[in-house]
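One-letter residues, chain by chain:
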Amino acid sequence: MSRRTDTMELGACTKNPGFQDVEDDGPPSDPCRPDPADKQDSIGVRLDPDAAEEYTQIKPYAGMPKEVLLLYSTQARYRVPREILFWLIVACTLVLVALTITVIALSPRCLSWWQISPVYQVYPRSFKDSDGDGVGDLKGIQEQLDHFQYLNIKSVWISPFYRSPMKDFGYDVEDFMDIDPLFGTMHDFENLLAEMHQRGMKMIMDFIPNHTSDQHRWFNLSRTGHPQYKDYYIWTDCNASDPKPNNWVSVFGNSSWTYDDVRGQCYLHQFLKEQPDLNFRNPNVREEMMDVIRFWLEKGVDGFRMDAVKHILEAAHLRDEPQVDPKKPPESITSEWDLYHDYTTSQLGLHDLLREWRAAMDVYSREPGRYRFMVTESYDYQEIEKTMMYYGTPQVKESDFPFNFYLLDLPQNTSGLWVKHLVHLWIANMPKGRWPNWVVGNHDRPRIGSSAGPTYVRVINMLLLTLPGTPTTYYGEEIGMENINVTQSQIQDPAGKYNASASRDPQRSPMQWSEDINAGFNSKTNITWLPLHPDYKTVNVEIQKKDESSVLAQYRYLNTLRESELILQRGWFCYIHADASIFSYLREMDGLNKAFLVVLNFGQDSVITDLSSVQELPDQLKVVMSTNQINNGKILQKSRIQTEAGEGLLIQFHTNTRFNPIHSEQCYISEKACYLGVMDILYKC
């Protein structure tokens, strides 16, 4: 048999498992086994330089060795797309970074918690009694936190609850770092604060720097001449039989000086004689009060209302103050209104002190989401420029805002022109870029339901919640509570005991929660520290929650709308019309085609208002909310907008024409911002 030579041949390094060299008894040799001394080009392929030409003919394939990959990666058709993708990624990254920086740079500052929510004042003695002693307390406030959530209130200011002899219901402080047992314990305070924070609420405390109680440890040490404390208060030599070093008069009437038998000198008190004034020209006093601020900030308090700040410093020379009526006999000067307070209020150095406190609070504000708020209390009447100084300067900030008490004068003349005057008084004098605020009631002034009348409660609440800035609501105003009548024997207020007509008790009656015993204020005993208002069975929270047209329901609706609408939070405010009855204004924002028109009737009669001259308004307007519920949803002609006495209309309309560019002299905005609908963002414009 002949052997064919053209049959299959094994390729180089192809193993034949059946082959064995019979002439060799040792293990079969493997010519393909790599020599360790040789360098491998690849685990899968050994590339001989001479064979490089062979691999140029192979197409790229999955799992190719790096040598093959390198051969093709340098070719233009593979290299160029790769470089294009790389530089596209770099360019897109740079664009995104630039866009982010631009958005941040152009975005207006976010509103803080004290700008978004109204401030709700709680007078703790009268809010809710949890233990049946007839006086409200901290646990009582905690029991009613659901009420704040129902109203969408985030900022709660609580009047003083420090340890105190209660000569001025907590404004005479015996210990700045303790809770009066009447209101509870420090543990009760900590629980209240913790739950408020858990619910997203903020607590504002009263800080009372001007004076202490005469029972305070500092005063007792000062009157005995203790070297460290002898100058903690304002002392001067005087005659025991006629203790009047000068003609200065207390806020509560009569001389600001009282002789102390222990020390043999007179001490200054701009309020009650049981409230001696601290000497803030003593650096030790300044440090002591700074420690008080730090103590409560460490506890987690979110802000302070600085009480009676204009009285903090007095002129060191102690000269007589000028009389308002120079012809009046000096011995007949007994009221604060008899003098110009040139030497007892707003003295040089006051604002330096407030800036120190602001700086201390700013240290604690560095914690994310924990800005510490500061508001000052100083009613300067006709000298509004003094009040505006509490905003600080463009370089140095003081309070976030001083309380605006000018709307407290609204009942003096319920007319549209008067209301516009009071609003413009603040807007026109406020430093540029600052944040306004509005107060219509507090523990020192009659309730608006009594001073202006129940007819105007709803329209005043609408004014409060649609003006630009932060509104402040005194407890009970959200349901239209009114003053109570207090007999001579029932007077609790020290000011009322001096002058019954000056008593502040009528506006401090217990909160009306329900028609139950004691209006739900005290459900354990039949005791209340002040009488209840006889209308509590019909004017209370529980009943008004069930009535969609109630004062409470309207307050809640307006506050919720205020928080949800950018226009009401930070949009333009423009005067539209004012006359003997009507005050009307516009709220709008650049970039939004939606706006709100507010029409408020403060007059005595039903009137028809013609706004046809306002070209920016469409001919037909839809009422979103009326304080008279039957008018909700009505379509009105702008030439015939009818309102009843005490009625307020909130009207929404759509237009692409803005009012403020053409009428800039009639418009105000704290910080201008525009809305960009394409990206759904605000930007500075």
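Residues numbered from 1 in each chain as written. Predicted model: local features only at pLDDT ≥ 70, side-chain atom pairs only at ≥ 80, totals over all residues. Heavy atoms only, no water.

A. Geometry of the overall build of the protein chain. Scanning the protein chain from N- to C-terminus turns up 19 helices and 24 strands. A compact globule built from 685 residues would reach a C-alpha radius of gyration of about 26 Å, whereas the protein chain, at 39 Å, exceeds it by more than 25%. For the protein chain, the C-alpha atoms occupy an extent of roughly 155 × 75 × 50 Å along the three principal directions. Across the 685 residues in the protein chain, those meeting the buried criterion constitute 52%. Just so you have it, the protein chain exposes about 32500 Å², and 53% of that area is on carbon and sulfur atoms. Across the protein chain, 67 positive and 91 negative side-chain charges occur, with their mean positions spaced 3 Å apart. (Helix = DSSP H or I, 4+ residues; strand = E, 2+ residues; numbered from the N terminus. Rg over C-alpha atoms; globule rule 2.2 N^0.38 Å. Buried < 20%, exposed > 50% of the residue type's maximum accessible area, 1.4 Å probe, protein only. Areas by Shrake-Rupley, 256 points an atom, 1.4 Å probe, with all protein chains shown as cover. Lys, Arg positive; Asp, Glu negative; His and termini not counted. Charge placed at Lys NZ, Arg CZ, Asp CG, Glu CD.)

B. Geometry of the pattern of salt bridges. Enumeration over the complete set of coordinates arrives at 34 salt bridges. Ionic pairing is found between Arg163 and Asp178, a salt bridge with its closest N-O pair at 3.0 Å. You can see Arg163 sitting in strand 3 (residues 162-163) and its partner Asp178 sitting in strand 4 (residues 175-179), a full 15 residues away along the chain. Judged by relative accessible area, Asp178 falls into the partly exposed class, the value being 22%. Between Arg504 and Asp444 there is a salt bridge, with its nearest N and O atoms 3.0 Å apart. Taken together, the residues Arg504 in the loop between helix 16 (494-498) and helix 17 (541-545) and Asp444 in the loop between strand 12 (437-439) and helix 14 (448-451) connect sequence positions 60 residues apart. What makes Asp444 partly exposed here is its relative accessible area of 27%. Through salt bridges that share partners, Asp168, Asp444, Asp493, Arg504 and Arg508 make up one connected network. (Salt bridge = Lys/Arg side-chain N within 4 Å of Asp/Glu carboxyl O.)

C. Spatial organisation of the state of the cysteines. Applying the stated criterion to the full structure yields 3 disulfides. Each sulfur in the disulfide pair Cys574 and Cys667 lies 2.1 Å from the other. Its S-S torsion of approximately 115° makes the covalent link between Cys574 and Cys667 right-handed. One end of the pair, Cys574, is in strand 14 (residues 572-578); the other, Cys667, is in strand 22 (residues 667-668), with 93 residues separating them in the sequence. The class for Cys574 is buried, based on a relative accessible area of 0%. Judged by its relative accessible area of 13%, Cys667 is buried. Disulfide pairing places Cys674 opposite Cys685 at an S-S distance of 1.8 Å. Looking along the S-S bond of the Cys674-Cys685 disulfide, the torsion reads about 85°, which is the right-handed sense. Of this pair, Cys674 sits in strand 23 (residues 674-676) while Cys685 sits in the segment after strand 24 (681-683), and the two are 11 residues apart along the sequence. By relative accessible area, which is 41% here, Cys685 ends up partly exposed. (Disulfide = S-S within 2.5 Å.)

D. Representation of a nonpolar patch on the surface within the structure. Residues Val80, Ile84, Leu85 and Leu88 make up a contiguous nonpolar surface patch of about 360 Å² in total accessible area. The residue Ile84 is located in helix 3 (residues 76-106) in this model. Residue Ile84 is classed as partly exposed on the basis of its relative accessible area of 47%. (Patch = residues over 30% accessible without salt bridge, like charges linked within 9 Å, V, L, I, M, F, W, Y side chains within 5 Å.)

E. Main features of the confidence of the model for the protein chain. Here the protein chain shows a mean pLDDT of 91. Residues at 70 or above account for 92%. Throughout residues 1-28 the model reports pLDDT below 50, and contacts reaching past four residues in sequence, or to other chains, amount to 3 contacts. Confidence drops under a pLDDT of 50 for residues 36-45, and excluding neighbours within four residues, the segment shows 8 contacts in the predicted structure. (pLDDT = per-residue confidence, 0-100. Contact = heavy atoms within 4.5 Å.)

F. A look at the packing of aromatic side chains. A full pass over the atoms with the stated rule returns 44 aromatic pairs. Taken together, a centroid distance of 6.0 Å and an interplanar angle of 25° make the contact between Trp248 and Trp257 stacked. Taken as a pair, Trp248 and Trp257 share a single burial class, namely buried. The ring of Trp529 has Arg125 sitting right over it, with the charged end atom 4.4 Å from the ring centre. Taking NZ or CZ as reference, Lys545 lies 4.7 Å from the ring centre of Tyr150, over its face. (Phe/Tyr/Trp six-rings, centres within 6.5 Å; stacked < 30°, edge-to-face > 60°. Lys NZ or Arg CZ within 6 Å of the ring centre and 35° of its normal.)

G. Region of the structure containing the packing of helix 15 (residues 457-466) against helix 18 (residues 551-564). Relative to each other, helix 15 and helix 18 sit at 15°, their axes nearing to 10 Å. One way to sum up the angle between helix 15 and helix 18 is to call them roughly parallel. Viewed along their axes, helix 15 and helix 18 form a crossing whose handedness is right-handed. Counted together, Val457, Arg458, Asn461, Met462, Leu465 and Thr466 of helix 15 and Val551, Gln554, Tyr555, Leu558, Asn559 and Arg562 of helix 18 form the full contact between these two elements. (Axes fitted to C-alpha atoms, helices over the stretch in contact; angles between N-to-C directions. Parallel < 35°, antiparallel > 145°, perpendicular 65-115°, else oblique. Left-handed = near helix turned anticlockwise from the far one by under 90°.)

H. Representation of the sheet that holds strand 6 (residues 235-236) in the model. Read from one edge of the open sheet, 3 strands run 6-8-7, paired in antiparallel fashion. This sheet does not close on itself; its edge strands, each paired only once, are strand 6 and strand 7 (257-260). Two elements, strand 6 and strand 8 (residues 265-268), share 2 bridges in a ladder whose sense is antiparallel. For Thr236, the partnering residue across the bridge sits in strand 8 and is Cys266. (Pairing = 2+ DSSP bridges.)

I. Representation of helix 18. With 14 residues, helix 18 should reach 20 Å at 1.5 Å per residue; the first-to-last C-alpha distance of 20 Å fits that figure. All of the buried residues along helix 18 are Val551, Leu552, Ala553, Gln554, Tyr555, Leu558, Asn559, Leu561 and Arg562. (Expected span 1.5 Å × (residues − 1).)

J. Up close: helix 8 (residues 186-198). The terminal C-alpha atoms of helix 8 lie 18 Å apart, and with 13 residues this matches the ideal 18 Å at 1.5 Å per residue to within 8%. Positive backbone phi, approximately 80°, marks Gly200, located one or two places after helix 8.

K. A look at the UniProt feature "domain: Glycosyl hydrolase family 13 catalytic" (unreviewed entry) in the protein chain. What UniProt calls "domain: Glycosyl hydrolase family 13 catalytic" (unreviewed entry) maps, in this numbering, to residues 121-508. End-to-end, the C-alpha atoms of residues 121-508 are 12 Å apart, and along that stretch the chain is 28% helix and 12% strand. (UniProt positions renumbered as here; feature names shortened; annotations may be inferred.)

L. Summary view of the environment of Asp168. Following the sequence through the fold, Asp168 ends up in the loop between strand 3 and strand 4. It is 8.6 Å that separates the C-alpha atoms of Asp168 and Gln275, two residues lying 107 residues apart in sequence. Setting aside chain neighbours within four positions, we find Asp168 in contact with Phe252, Leu272, Gln275, Pro494 and Arg504.

M. Seen up close, the side chain of Lys202. Locating Lys202 in the fold gives a position in strand 5 (residues 202-207). For the buried Lys202, no salt bridge exists, and the shortest N-O distance to an oppositely charged side chain is 4.1 Å, to Asp302. If we ignore the near neighbours within four places in the chain, the residues touching Lys202 are Trp113, Lys154, Ser155, Val156, Met196, Asp302, Gly369 and Arg370.

N. The sheet that holds strand 12, seen in detail. Strands sit in the order 11-10-9-5-2-1-13-12 across an open sheet of 8 strands; the sheet is parallel. With one partner strand each, in any of the chains shown, strand 11 (401-402) and strand 12 form the two edges of the open sheet. By the bridge criterion, 4 bridges tie strand 2 (residues 155-158) to strand 5 in an arrangement that is parallel. Each bridged residue has a counterpart across the sheet, and for Val156 the counterpart in strand 5 is Met203.

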